[in-house]
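Structural overview
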Amino acid sequence: METKLYTITIFSENSVGLLSRVSLIFTRRGINIESISASSCSIPGVTKWIITAFTNRELLDQVAKQVERCIEVLKVFVYDDDEIIYQEVALYKIETNLLFEEPHVERIIREHSARILEIKRDFTVIEKTGHYRETEALFEELKRFNLKQFVRSGRVIVTQSPNEYITDYLVEQNRRINKINDATE
Amino acid sequence: MENNHISGAEALLKSLICEGVDTIFGYPGGQIISVYDKLYDYTDQLHHILVRHEQGAIHAAQGYARTTGRPGVVIVTSGPGATNVITGLADALMDNTPIVVISGQVASDFLGTDAFQEADVVAMTQQATKWAIQIRRPEEIPAAVARAFYIASTGRPGPVVLDIAKDAQVGMMDWSHERCRAIRSYDPCPKINPQDIDEVAQLLETAKKPMIIAGHGVMIANAEKSLLEVAEKGNIPVATTLLGLSTIPSDHPLNKGMVGMHGNLGPNSASLEADLIIGVGLRFDDRVVGDFNAYAPNARIVHVDIESAELNRNIKTFKAIHADADDFFKALSEKIKPTNNPEWLAKFDTRDKFETEKVINPILKPAEGPLHMGEVIRAVADAAPKNAICVTDVGQNQMFAARYFRYHADKSFLSSGGLGTMGFGLPAAMGAKIGAPDRTVCLFVGDGGLQMTIQELGTIMAYNIGVKIILLNNDYLGNVRQWQELFFNSRFSQTPLVNPDFNKIAEAYGIRTGKVTRREDLADAIADMLSDDKAYLLNAAIGSDEMIFPMIAAGTSYEKIMISKNENYFPLK
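This structure is a prediction, so every number in the text was calculated from the model and none was measured.

As a further point, take the packing of helix α12 (residues 265-273) of chain B against helix α15 (residues 342-364) of chain B. Residue and element names in this part refer to chain B. Two numbers describe how α12 lies on α15: the axes approach to 8 Å, and their chain directions differ by 135°. As judged from the angle between their axes, α12 and α15 are oblique. For the crossing formed where α12 meets α15, the hand is right-handed. For the pair α12 and α15, contact is made by Leu265, Gly266, Ser269 and Ala270 and by Lys347, Phe348, Arg351, Asp352, Phe354 and Glu355, respectively. A breakdown of the residues in the contact of α12 with α15 according to their chemical character gives four nonpolar, two polar and four charged.

Right, let's talk about unusual backbone geometry for a bit. Residues and elements named next belong to chain B. In this chain, Phe549 is followed by Pro550 through a cis amide linkage whose omega measures 0°. Locating Pro550 in the fold gives a position in the loop between β20 (536-541) and β21 (561-564). The phi torsion at Asn235 lies on the positive side, around 55°, for a residue other than glycine. When you line up the elements, Asn235 lands in the loop between α11 (224-234) and β10 (238-240). The phi dihedral of Gln494 falls on the positive side, at around 60°, and the residue is not glycine. Within the element layout of this structure, Gln494 appears in the loop between α21 (478-487) and α22 (502-508). Since 9 C-beta atoms lie within 10 Å of it, Gln494 is described here as exposed.

On to the domain arrangement of chain A. How big an interface is tends to be expressed through the accessible area that disappears when the partners come together. Residue and element names in this part refer to chain A. We note that the domain assignment places domain 1 (4-79) and domain 2 (85-156) within chain A. For domain 1 versus domain 2, the distance between C-alpha centres works out to 30 Å. Counting from both sides, the interface comprises six residues of domain 1 and, opposite them, five residues of domain 2. Ranked by residue count, the leading element in the side of domain 1 that touches domain 2 is strand β2 (residues 33-40), at three residues. Counted by class, the side of domain 1 that touches domain 2 contains two nonpolar, four polar and no charged residues.

On to the interface of chain B and chain A. The interface of chain B with chain A comprises 16 residues on the first partner and 20 residues on the second. Counted by class, the side of chain B that touches chain A contains eight nonpolar, four polar and four charged residues.

Residues and elements named next belong to chain B. Considered for burial, the residues of helix α23 (residues 522-529) that qualify are Ala525, Ile526 and Met529. Projected down its long axis, α23 shows its buried positions confined to an angular sector of 95°, all on one face. Opposite the buried face of α23, by more than 90 degrees, sit the exposed residues Asp524 and Ala527. The inward-facing, buried residues of α23 contact α16 (373-383), β18 (467-473), β19 (512-516) and β20.

In this structure, Val74(B), Leu162(B), Cys442(B), Leu443(B) and Ile470(B) are the most contacted members of the largest nonpolar core, which totals 203 residues. In terms of residue count, helix α7 (residues 141-153) of chain B provides more of this core than any other element does, eight residues in total. The residues touching Leu443(B), leaving out its near neighbours within four places in the chain, are Val391(B), Gly425(B), Leu426(B), Ala429(B), Val467(B), Lys468(B), Ile469(B) and Ile470(B). Counting residues in each nonpolar core, the second largest holds nine residues, with Ala90(A), Ile109(A), Leu138(A) and Leu142(A) among its members.

Turning our attention to the sheet that holds β20(B). All names here are of chain B. Spatially, the six strands line up as an open sheet ordered β16-β15-β17-β18-β20-β19, and their pairing is parallel. Looking at the sheet topology across the chains shown, the edges are occupied by β16 (413-414) and β19. Judged from the six bridges that link them, β18 and β20 form a sheet pairing that is parallel. Looking at β20, one finds that Asn473 is bridged to Ala541.

Tracing the chain through its elements places Phe405(B) in the loop between α17 (396-404) and β16. Contacts of Phe405(B), omitting those with residues within four sequence positions, involve Ile377(B), Ala381(B) and Cys390(B).

All names here are of chain B. The pairing of β21 with strand β22 (residues 567-569) spans three bridges and is antiparallel. The partner of Ser564 across the bridge, within β22, is Glu567. Joining the antiparallel neighbours β21 and β22 is a turn of two residues.

With that settled, consider the packing of α11(B) against helix α14 (residues 325-333) of chain B. Residue and element names in this part refer to chain B. At a minimum axis distance of 8 Å, the contact between α11 and α14 shows a crossing angle of 30°. Crossing geometry of α11 relative to α14 is assigned as left-handed. Between α11 and α14, the contacting residues are Ser226, Leu227, Glu229, Val230 and Lys233 on the first element and Asp326, Phe329, Lys330, Leu332 and Ser333 on the second.

What counts and what doesn't
- Residues numbered from 1 in each chain as written.
- Chains lettered and ligands numbered in written order.
- Predicted model: local features only at pLDDT ≥ 70, side-chain atom pairs only at ≥ 80, totals over all residues.
- Axes fitted to C-alpha atoms, helices over the stretch in contact; angles between N-to-C directions.
- Helix = DSSP H or I, 4+ residues; strand = E, 2+ residues; numbered from the N terminus.
- Parallel < 35°, antiparallel > 145°, perpendicular 65-115°, else oblique.
- Left-handed = near helix turned anticlockwise from the far one by under 90°.
- Contact = placed C-beta atoms within 7 Å.
- Nonpolar A, V, L, I, M, F, W, Y, C, P; charged D, E, K, R; others polar.
- Buried ≥ 20, exposed ≤ 12 C-beta atoms within 10 Å, placed from the backbone.
- Domains from an automatic or database assignment.
- Arc of directions from axis to C-beta.
- Core = buried A, V, L, I, M, F, W, Y, C linked by C-beta atoms within 7 Å.
- Pairing = 2+ DSSP bridges.

Structure, rendered in structure tokens:
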């Protein structure tokens with residue numbers, strides 16, 4: 001079974017304790033989460049999580065179903081890289097005097113289409129957005145110059161499809177709930 | 001005018017009453033004392049059973065829930081009170097039992113300080129519940145209770161936990177209660193797709209060797225009638241899982257027995273030959289399937305379950321149908337045509353005859369030797385009323401009871417199937433009897449399992465709970481002993497038990513007892529046990545080397561089935 005990096009998006013109600021419940025499901029199947037980010041999405045009240053993990057599709061589909069079983073989870077989607085547009089951001093902290101002493105550094109920043117976020121007397125922060133291998137490539141280059149700090153965000157993604165699939169789901173659910181409420185009134 | 005400004009503790013009790021609760025299993029303690037104080041005013045509406053250990057409370061609630069179909073309610077205190085119910089939660093999650101546990105919790109200000117009797121119950125129970133939530137404010141209580149009951153009892157039922165901080169119990173709030181009717185992120189009622197039903201009907205028409213396997217989901221969905229209708233209309237053989245026992249009467253000609261590790265030769269062999277298996281409300285777990293890669297090699301498998309996450313989880317299906325069991329059978333019965341496969345049906349009967357001769361008769365009609373578990377169980381089944389409930393503990397007692405009891409009424413079998421919790425039996429039987437006071441409840445339990453929750457004899461005494469306890473006493477942890485004899489060179493590591501005088505123990509609790517060691521005394525002993533509706537302990541001395549057969553060794557295929565220690569049955573040869 002082919003193991004590769006998959007992206008999982010989870011839409012949920014904003015609920016205390018859901019993070020641990022969800023992460024335990026990955027743990028139980030021995031899947032290590034590579035990155036995770038959660039934030040409110042374009043629909044008010046709905047939280048969107050983006051998780052990446054190296055695993056195989058069959059196992060991940062089962063995990064997705066298990067996650068969807070959690071009461072407050074609305075919907076779970078599993079994506080291959082070609083189904084999504086994705087991006088990560090990385091920050092690199094170097095000593096400011098490097099910019100003056102090492103002519104390579106400026107060239108490296110330019111070649112990697114990175115940008116300088118902030119310059120302080122002691123340190124400078126470089127920002128690079130891109131795919132993992134791109135932020136990694138810059139990391140490999142800067143590593144030679146006494147890199148002070150390095151941090152990489154989790155993935156953010158949008159789907160190749162025009163709309164977020166969750167929209168239809170919510171319309172459907174609201175219709176279901178209205179029907180139940182009408183029937184009981 | 002009624003005073004609606006009440007404490008969280010009182011709101012909790014009023015909410016329970018609104019949800020139709022009249023029975024609670026529980027144990028008081030420091031962080032739940034406010035609820036118990038209020039309960040003092042509500043004893044006319046809420047019957048509280050004071051157990052002897054919190055594990056007893058939750059297993060009793062499980063027995064109650066599974067006999068009544070209504071959620072079992074448990075109230076415990078914080079810390080150890082709550083951690084003591086975790087085994088029961090895990091058990092109820094595996095066996096899909098609606099349970100609402102209310103646990104006390106330290107006051108909000110103390111959370112996370114390792115306060116006295118503080119345990120992070122919500123975190124600890126995440127993987128053992130369908131839903132768990134902490135409540136820190138009194139006004140959250142009614143809605144949380146409503147949600148808890150809705151979640152516990154709908155869809156695939158399961159246990160939920162409400163962890164209520166002390167200040168939420170004590171604080172005041174304006175009471176109102178509305179039942180939960182729907183949750184946006186949780187749809188427990190899948191819709192049947194008519195095309196799926198047409199397709200299954202079509203598959204049945206062309207199948208030469210079809211078989212239905214009915215699981216616990218059939219019982220939970222109250223689909224016993226519609227299952228029978230489909231089976232009879234289509235003339236399709238039916239097998240059940242362990243927890244599917246009693247979904248079809250034992251003496252029904254289409255009931256071909258139980259599948260799984262200690263199942264019957266007929267349906268287990270049939271799984272190798274069947275060309276169509278319709279599995280409804282079961283998980284196809286390892287005890288049912290044996291070797292996942294060798295299961296049902298010739299069959300198209302149609303899997304029907306109310307839990308979509310179970311579909312294509314353990315085995316690959318030809319057709320997965322996300323539906324309620326009763327909806328499925330009702331829809332199918334309108335489309336189904338009678339099948340005519342006399343040779344296929346006859347195969348079950350041939351194997352059944354072989355099993356009867358080789359395995360069953362030597363147990364039921366032995367010429368000599370010590371009592372067998374199977375003969376004690378069958379004698380009880382024959383003497384008990386037809387609607388008696390068979391409750392088991394876990395181990396050989398469970399497998400023998402499953403195989404040798406007779407089921408004539410719905411919801412007659414109650415056992416810890418998924419988790420296999422020793423100690424489940426006695427409290428579960430207690431709860432079953434409270435839930436079904438008009439039915440005879442027969443508990444089959446081993447000497448090991450009985451001692452895991454034996455303190456509940458105190459509860460049985462206090463509330464006069466008329467449970468018939470049949471102790472299958474072989475002075476061994478019999479099931480492990482069997483594996484040691486078969487697979488570990490008879491090295492009986494830590495399985496012999498030095499036992500107390502169980503009759504004396506029961507008598508100390510004022511429970512009438514009997515003892516039987518000789519075959520010729522068995523009938524009289526059982527008659528004495530069943531002569532009234534009070535609790536009774538029958539101590540039956542079983543041979544210590546008793547083994548349960550047939551047996552399919554763990555993780556192996558059904559092509560080789562042990563029918564005795566030295567004899568195998570090969571279905572395909």
